[in-house]
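# Structure at a glance
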2 protein chains.
Amino acid sequence: MTQVLLAGGCGFIGSHLADRICRRPDVTRLVVVDNLWTGRIENLAAVADPRVEFVQSDVETFSSETKFDEIYHLASPASPPWYMAQPLRTISANVVGALNLLGLLKPGGVIGYTSTSEVYGDPVITPQPETYRGSVDCTGPRSSYDESKRCVEAMLFEAHRVRGTRVKVVRLFNVYGPRTRPDDGRAVSNFITQALQGKPITIFGDGAQTRSWGHIDDIVAALERYFWLEGTEYPGPVNIGNDREISVLEVAEFIQSHFPKSPITFLPPVVQDPTNRRPDLTLCNQILPGWQCAIPYEEGVMLSVEWFRKEMLIPA
Amino acid sequence: MTQVLLAGGCGFIGSHLADRICRRPDVTRLVVVDNLWTGRIENLAAVADPRVEFVQSDVETFSSETKFDEIYHLASPASPPWYMAQPLRTISANVVGALNLLGLLKPGGVIGYTSTSEVYGDPVITPQPETYRGSVDCTGPRSSYDESKRCVEAMLFEAHRVRGTRVKVVRLFNVYGPRTRPDDGRAVSNFITQALQGKPITIFGDGAQTRSWGHIDDIVAALERYFWLEGTEYPGPVNIGNDREISVLEVAEFIQSHFPKSPITFLPPVVQDPTNRRPDLTLCNQILPGWQCAIPYEEGVMLSVEWFRKEMLIPA
């Protein structure tokens, strides 16, 4: 008799989490709340399960007479062009959304939150452990995302401290794979959709900036273990990501090697684009022994290419 | 025909700002919103002005058919024991409050926000310029205050960037003086109220932590210059405070020297109490030429002693 609320369940990561929740025999009801701002209802079509109810609503205003045993808050755009275009809405979805969701939690229930490596800003240490306080410009163009994620972390850890609320907070590093919007705007999906259309592959800056590329299947495997399979009560934050650090240029060159008609071109760097990203997974390895990102980007990118090819109706 | 909304206008700093707003002949109406959580209606009694309307309301839910030319958002507890006791309410007052207030701003109007030196956390550089990104633990016991202030900064600078909203953000360093609640809980008011009652003066930690003590009269003089007197459109953030860096122990010893019956005693340090604070005033000096904290703590503290003596009905 477990009732679960998933906010942002039509999004890239949220819809994969919905799939995993549906594997659980103990779940009797899964309410997916999404306003379809960046999420897509097609993502949720994968869930042909009578226990799933979809409610099109902002997370801030969703109301329910039922209280939930588990709530997962993934309702936020995650791609810079999307959140930079509507920064106040981004802050509201995260912060006001979290306040609203806390009110929908059954006493003794647990709330899970997908925070982000962006809480580290442009880090001056590598790899980044959870204790690193970060280097975020709270007045800058990435601040609506970075600071609202930080503020929700504060809210949840303070709810844990003063009320004993059960919380589980992960800091996700870069994730890619199927169900990313073709117009998402981040590097891997940009490169793939450009290559599939025979357009130039565009890199912002010189491509020397590094990222931690985690394939969605690996990442949701970690999420389901931490959120419900392991039975841990550790509140987090826990870094989840791939600690193989790869430059943006290397990924672009790999994709280009399969699409020789798409030359790599360079555009001016994005303002305050972080120079590096690499998770310190020491804590993650303790919480989720044996877990790692098993899919190398060379394999994950090619799997993604096939998904985008179908999605964009481009013949092989 | 200037209509002004002041949120938190019954608070320590807010009520002094109300006094300054009332000096302006161009202001036709001043609406003071305060829920009297940490503010006190007695503070506003100083404003015996028919243009002033007091509304007892949370800042998050205050509504008005009028839109305002100027809005000042000072609705937040500022003392650690107060915000640590109700951290979610603190986040809501700041962040949800700011979202609500933005909706009450007339097109072309200006919103002023009192952010804080706490956005720098426990700084690793001194003095702290506005460009310093800070060292805040977004999972720690001070995070509800620090991170909600950071998040509102993000919101306002993003509103400025995407909508052209006129914003003015100050980062206030430590402020003390008349109208601080006797039960506020911060160092200067604690020391004075303890001394006036003949109790021991209690220092958390060894007292070597430094602060930037600005007397309220100096601080509101800077606020009125920046917010309306100077005519600047600079959005901030601007540090405002005293760059004479003084240890907590020095202030305690100064007060103790006037109250020899109150010995100084030491208590365990407060978790994550910042070790140092000192504003870099380079930018402030450009925006507000000639301004500085003119009242030395030796004078300001004695003025405060007299105010607290009357407030607490303690005979001289």
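Residues numbered from 1 in each chain as written. Chains lettered and ligands numbered in written order. Predicted model: local features only at pLDDT ≥ 70, side-chain atom pairs only at ≥ 80, totals over all residues. Heavy atoms only, no water.

So, about the packing of aromatic side chains. Scanning the entire structure with this criterion turns up 16 aromatic pairs over all chains. Ring centres of A:F254 and A:Y297 lie 5.4 Å apart, and the angle between their planes is 85 degrees; this geometry places the pair in the edge-to-face category. Linking A:F254 in helix 8 (residues 248–258) with A:Y297 in helix 10 (residues 297–311), this pair joins segments that are 43 residues apart in sequence. When the centroid spacing of 5.0 Å and the interplanar angle of 80 degrees are considered together, the rings of B:W307 and B:F308 count as edge-to-face. You can call B:F308 buried: its relative accessible area is 1%. The structure contains a cluster of three or more aromatic residues connected by ring pairs, namely A:Y72, A:Y226, A:F227 and A:W228. Here the guanidinium or amino end of A:R89 rests over the ring plane of A:W37, the centre of that ring lying 4.1 Å away. (Phe/Tyr/Trp six-rings, centres within 6.5 Å; stacked < 30°, edge-to-face > 60°. Helix = DSSP H or I, 4+ residues; strand = E, 2+ residues; numbered from the N terminus. Buried < 20%, exposed > 50% of the residue type's maximum accessible area, 1.4 Å probe, protein only. Lys NZ or Arg CZ within 6 Å of the ring centre and 35° of its normal.)

Residue and element names in this part refer to chain B. Residues F204, L267 and V270 make up a contiguous nonpolar surface patch of about 200 Å² in total accessible area. The topology assignment puts F204 in strand 8 (residues 201–204). Residue classification places F204 among the partly exposed positions, given a relative accessible area of 33%. (Patch = residues over 30% accessible without salt bridge, like charges linked within 9 Å, V, L, I, M, F, W, Y side chains within 5 Å. Areas by Shrake-Rupley, 256 points an atom, 1.4 Å probe, with all protein chains shown as cover. Salt bridge = Lys/Arg side-chain N within 4 Å of Asp/Glu carboxyl O.)

Further remarks concern the packing of helix 1 (residues 12–21) of chain B against helix 7 (residues 216–229) of chain B. Residue and element names in this part refer to chain B. Two elements in contact, helix 1 and helix 7, have axes separated by 10 Å at closest approach and are oriented at 55 degrees. Judged by the angle between their axes, helix 1 and helix 7 are oblique. As for the relative orientation of helix 1 and helix 7, their crossing is right-handed in sense. Note on element contacts: helix 7 touches helix 1 through I216, D217, V220, A221, L223, E224, F227 and W228, opposite F12, I13, H16, L17, R20 and I21. Tallied by class, residues from the contact of helix 1 with helix 7 come to 10 nonpolar, one polar and three charged. (Axes fitted to C-alpha atoms, helices over the stretch in contact; angles between N-to-C directions. Parallel < 35°, antiparallel > 145°, perpendicular 65-115°, else oblique. Left-handed = near helix turned anticlockwise from the far one by under 90°. Contact = heavy atoms within 4.5 Å. Nonpolar A, V, L, I, M, F, W, Y, C, P; charged D, E, K, R; others polar.)

Let us look at the sheet that holds strand 1 (residues 2–7) of chain B. Residues and elements named next belong to chain B. With parallel pairing, seven strands are arranged side by side in an open sheet as 3-2-1-4-5-6-11. Each of the sheet's edge strands pairs with one partner strand only, and the pair in question is strand 3 (52–56) and strand 11 (238–240). Adjacent strand axes in the sheet meet at a mean angle of 20 degrees, parallel and antiparallel pairs treated alike. The strands touched by helix 1 are strand 1, strand 2 (27–34), strand 4 (68–73) and strand 6 (166–172); relative to strand 1, the strand with the most contacts, the crossing angle is about 170 degrees. Sheet strands touched by helix 4 (residues 87–102): strand 1, strand 4 and strand 5 (105–116). Its angle to strand 4, the strand with the most contacts, is close to 175 degrees. (Pairing = 2+ DSSP bridges.)

The next point concerns the domain arrangement of chain A. Residues and elements named next belong to chain A. Along its sequence, chain A is carved into domain 1 (2–175 + 213–240) and domain 2 (180–211 + 243–273 + 295–311). Distance between the C-alpha centres of domain 1 and domain 2: 26 Å. Domain 1 puts 20 residues into the contact, and the matching count from domain 2 is 24 residues. Taken over both partners, the interface formed by domain 1 and domain 2 buries close to 1,900 Å², and the fraction arising from carbon and sulfur atoms is 53%. The largest per-residue losses of area from domain 1 upon contact with domain 2 belong to R40, W213 and H215, which jointly make up 39% of the total buried on that side. Put simply, domain 1 and domain 2 have two salt bridges between them. With a closest N to O distance of 2.9 Å, R40 and E311 form a salt bridge. Counting across the interface, domain 1 meets domain 2 through seven residue pairs in polar contact (both at pLDDT 80 or more). Among the secondary structure elements, those contributing two or more residues to the side of domain 1 that touches domain 2 are helix 3 (80–85) and helix 7 (216–229). By residue number, the principal contributor to the side of domain 1 that touches domain 2 is helix 3, which donates three residues. Residue composition of the side of domain 1 that touches domain 2, by class: eight nonpolar, seven polar and five charged. (Domains from an automatic or database assignment. Buried area = accessible area lost by both parts, 1.4 Å probe. Polar contact = N/O pair within 3.5 Å; in protein donor to acceptor, adjacent residues only side chain to side chain.)

For the rest of this paragraph, the subject is the sheet that holds strand 2 (residues 27–34) of chain A. Residues and elements named next belong to chain A. Ordered by their spatial adjacency, seven strands build an open sheet running 3-2-1-4-5-6-11, and the pairing between neighbours is parallel. The open sheet has two edge strands, strand 3 (52–56) and strand 11 (238–240), and neither has a second partner. Each strand of the sheet is rotated relative to its neighbour by a mean of 20 degrees, with strand direction disregarded. For strand 5 (residues 105–116) and strand 6 (residues 166–172), the ladder comprises seven bridges, and the chain directions are parallel. The residue of strand 6 that forms the bridge with Y113 is V169.

Taken residue by residue, the interface counts 37 residues in chain B and 37 residues in chain A. For the chain B and chain A pair, buried surface summed over both sides reaches about 3,000 Å², with 66% attributable to carbon and sulfur atoms. Here chain B and chain A share two salt bridges between them. When contributions to the side of chain B that touches chain A are tallied by element, the ones reaching two or more residues are helix 4 and helix 5 (143–163) of chain B. With 15 residues, the single largest contributor to the side of chain B that touches chain A is helix 5 of chain B. Along the lines of polarity and charge, the residues of the side of chain B that touches chain A split into 18 nonpolar, nine polar and 10 charged.

The subject of this paragraph is the pattern of salt bridges. Tallying each qualifying case throughout the model produces 46 salt bridges over all chains. Where A:D26 meets A:R24, a salt bridge forms, and the shortest distance between an N and an O atom there is 2.8 Å. Relative accessible area serves as the criterion here: at 7%, A:R24 is assigned to the buried category. A salt bridge links B:E306 to B:R309, with the nearest nitrogen and oxygen atoms 3.4 Å apart. With a gap of three residues between them, B:E306 and B:R309 both fall in helix 10 (residues 297–311), about one helical turn apart. Counted as one network, the salt bridges with shared partners bring together A:E118, A:R142, A:R211, A:D273 and A:R277.

Before going further, it helps to spend a moment on empty space enclosed by the protein. Residues and elements named next belong to chain A. All chains considered together, the criterion is met by one cavity of 30 Å³ or more. The computed volume of the largest cavity comes to approximately 30 Å³. Lining the largest cavity are W213, N242, R244, I246 and Y297. Counted by class, the lining of the largest cavity contains three nonpolar, one polar and one charged residues. (1 Å grid on protein atoms, 1.4 Å probe; cavity = no way out; pocket = protein on both sides within 12 Å on 5 of 7 lines; lining within 4 Å. Points joined across faces, edges and corners; volume = space filled by probe spheres on them.)

A separate point is unusual backbone geometry. Residue and element names in this part refer to chain A. Residue P127 is bonded to the preceding T126 through a cis peptide linkage, with omega at -10 degrees. The topology assignment puts P127 in the loop between strand 5 and helix 5 (143–163). Note the cis peptide between G236 and P237, where omega equals 0 degrees. In this structure, P237 sits in the loop between helix 7 and strand 11. Backbone geometry places L36, a non-glycine residue, at a positive phi of 60 degrees. Relative accessible area serves as the criterion here: at 26%, L36 is assigned to the partly exposed category. Although it is not a glycine, R179 sits at a positive phi angle of roughly 80 degrees. Within the secondary structure layout, R179 lies in the loop between strand 7 (175–176) and helix 6 (187–196). R179 gets classed as buried once you look at its relative accessible area, which sits at 14%.

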